[in-house]
Amino acid sequence: MAKLGRLTPILFLVFGLLIFASTSWAQTRSPIAEQLGKTYGIDSFGQVEAVRYTFNLELPGMKVSRSWVWEPKTGKISYEGKDKDGKPVKVTFVQSELKGDSPIVKDRIDWLFVNDNYWVVFPFHVYWDSPGADVQEKGIQKLPLGKGSAKLVIVQYPKGGYTPGDTWDLYVGSDDRIEEFVYHRGDPKSTVPGLVTVSWEGYKKAGPLLFSTEHRGTADGKPVHLFFTNVAVKLVGSDAWTNAQ
């Protein structure tokens, strides 16, 4: 499966992200990208008809909540949230049908979807984006937040896009689950936080997929809490949602 339907440069809400189309899938995918994908359920992703989740973000003086239903096979996305004036918004769209002048694009709803989707299934995107993204193992390193150590995996996207050269440090435990996560901004001119360090915890399974639902830490030294609620999947051939637990 390719990445998201609209392969265009997108800026992360909390930190920058470049999405791009890999030009040569014949290249060898990083072994650690393969393992991360398998740990979180990539081999069973084809069984999934839809994924549901609510993205929640808490920063000093700011709270955000957005709900999504994503149908990866068709690219159909349903959104519930609020506009800049706090009024409720509900929209449904197909990414491959969007154009630059679409209200969905202008209102940044597609932009927000990509941000939230990378957070909820980041290990899958490491898998899908490799080998285009540079994914390297750097051995056992001390955890930046907690006690102990874990395998450091560095993911770096190429130059270009809104925030070029951004880097993600993944601290992967012996069970091949991400334990902590550090973002380094690549573009000094960008307004997104330069350094974000968060935990990966609150692990739950919804059908065959594994999700980390709790992320706590700091963004440029200020406390940040990013978490997911209402996480569920709908399997092919079923009308019922399987809740994460």
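Residues numbered from 1 in each chain as written. Predicted model: local features only at pLDDT ≥ 70, side-chain atom pairs only at ≥ 80, totals over all residues. Heavy atoms only, no water.

(A) Broad picture of the overall build of the chain. From N to C terminus, the chain includes four helices and 13 strands. Out of the 245 residues in the chain, the part that is buried amounts to 50%. Taking all contacts inside the chain whose residues are at least 6 apart in sequence as the whole, residues at least 24 apart take part in 51%. In the structure as shown, the chain presents an accessible area of about 11,400 Å², 50% of it carried by carbon and sulfur atoms. (Helix = DSSP H or I, 4+ residues; strand = E, 2+ residues; numbered from the N terminus. Buried < 20%, exposed > 50% of the residue type's maximum accessible area, 1.4 Å probe, protein only. Contact = heavy atoms within 4.5 Å. Areas by Shrake-Rupley, 256 points an atom, 1.4 Å probe, with all protein chains shown as cover.)

(B) Seen up close, the environment of Gln141. Looking at the element boundaries, Gln141 is found in strand 5 (residues 134-142). As for Gln141 and Val172, which are separated by 31 residues in sequence, their C-alpha atoms are 9.8 Å apart. Within the structure, Gln141 has its side chain in polar contact with the backbone oxygen of Lys138 (distance 3.2 Å). (Polar contact = N/O pair within 3.5 Å; in protein donor to acceptor, adjacent residues only side chain to side chain.)

(C) Geometry of the packing of helix 1 (residues 31-40) against helix 4 (residues 122-129). Look at helix 1 against helix 4: their axes get within 8 Å of each other, and the N-to-C directions meet at 140°. It follows from the interaxial angle that helix 1 and helix 4 lie oblique. For the crossing formed where helix 1 meets helix 4, the hand is left-handed. Of the residues in helix 4, those touching helix 1 at Ala33, Glu34, Leu36, Gly37 and Tyr40 are Pro123, Phe124, Val126 and Tyr127. (Axes fitted to C-alpha atoms, helices over the stretch in contact; angles between N-to-C directions. Parallel < 35°, antiparallel > 145°, perpendicular 65-115°, else oblique. Left-handed = near helix turned anticlockwise from the far one by under 90°.)

(D) Inspection of the packing of aromatic side chains at higher detail. This model, assessed by the stated rule, comprises 16 aromatic pairs. Ring centres of Phe45 and Phe124 lie 5.4 Å apart, and the angle between their planes is 75°; on these two criteria the pair is classed as edge-to-face. Taken together, the residues span a long stretch of sequence, with Phe45 in the loop between helix 1 and strand 1 (48-59) and Phe124 in helix 4 at a distance of 79 residues. Note on accessibility: Phe45 and Phe124 belong to one class, buried. Pairing Trp68 with Tyr79 gives two aromatic rings, centres 4.7 Å apart and planes at 40°, and the pair type is tilted. Linking Trp68 in strand 2 (residues 62-71) with Tyr79 in strand 3 (residues 76-82), this pair joins segments that are eleven residues apart in sequence. For Trp68, a relative accessible area of 1% translates into the label buried. (Phe/Tyr/Trp six-rings, centres within 6.5 Å; stacked < 30°, edge-to-face > 60°.)

(E) Structural detail: the pattern of salt bridges. Applying the stated criterion across every chain yields a total of six salt bridges. The partner of Arg29 in a salt bridge is Glu34, and the shortest N-O contact between them spans 3.6 Å. Overall, the relative accessible area of 18% leaves Arg29 in the buried class. Taking the relative accessible area as the measure of exposure, Glu34 reaches 27% and is therefore partly exposed. For Glu214, the salt bridge identified is with Arg216, shortest N-O distance 3.6 Å. Residue classification places Arg216 among the partly exposed residues on the basis of a relative accessible area of 45%. Bridged by salt links that share partners, the residues Glu137, Lys151 and Asp176 form one connected network. (Salt bridge = Lys/Arg side-chain N within 4 Å of Asp/Glu carboxyl O.)

(F) Representation of the pairing of strand 2 in the model. Bridging between strand 1 and strand 2 involves nine bridges; their strand directions are antiparallel. For Leu57, the partnering residue across the bridge sits in strand 2 and is Val64. Hairpin connection, strand 1 to strand 2: the antiparallel pair is bridged by two residues, and Gly61 has positive phi, about 75°. When strand 2 meets strand 3, the two strands line up antiparallel, connected through five bridges. Residue pairing in the sheet places Trp68 in a bridge with Tyr79 of strand 3. Hairpin connection from strand 2 to strand 3: four residues lie between these consecutive antiparallel strands, with Gly75 at a positive phi of about 80°. (Pairing = 2+ DSSP bridges.)

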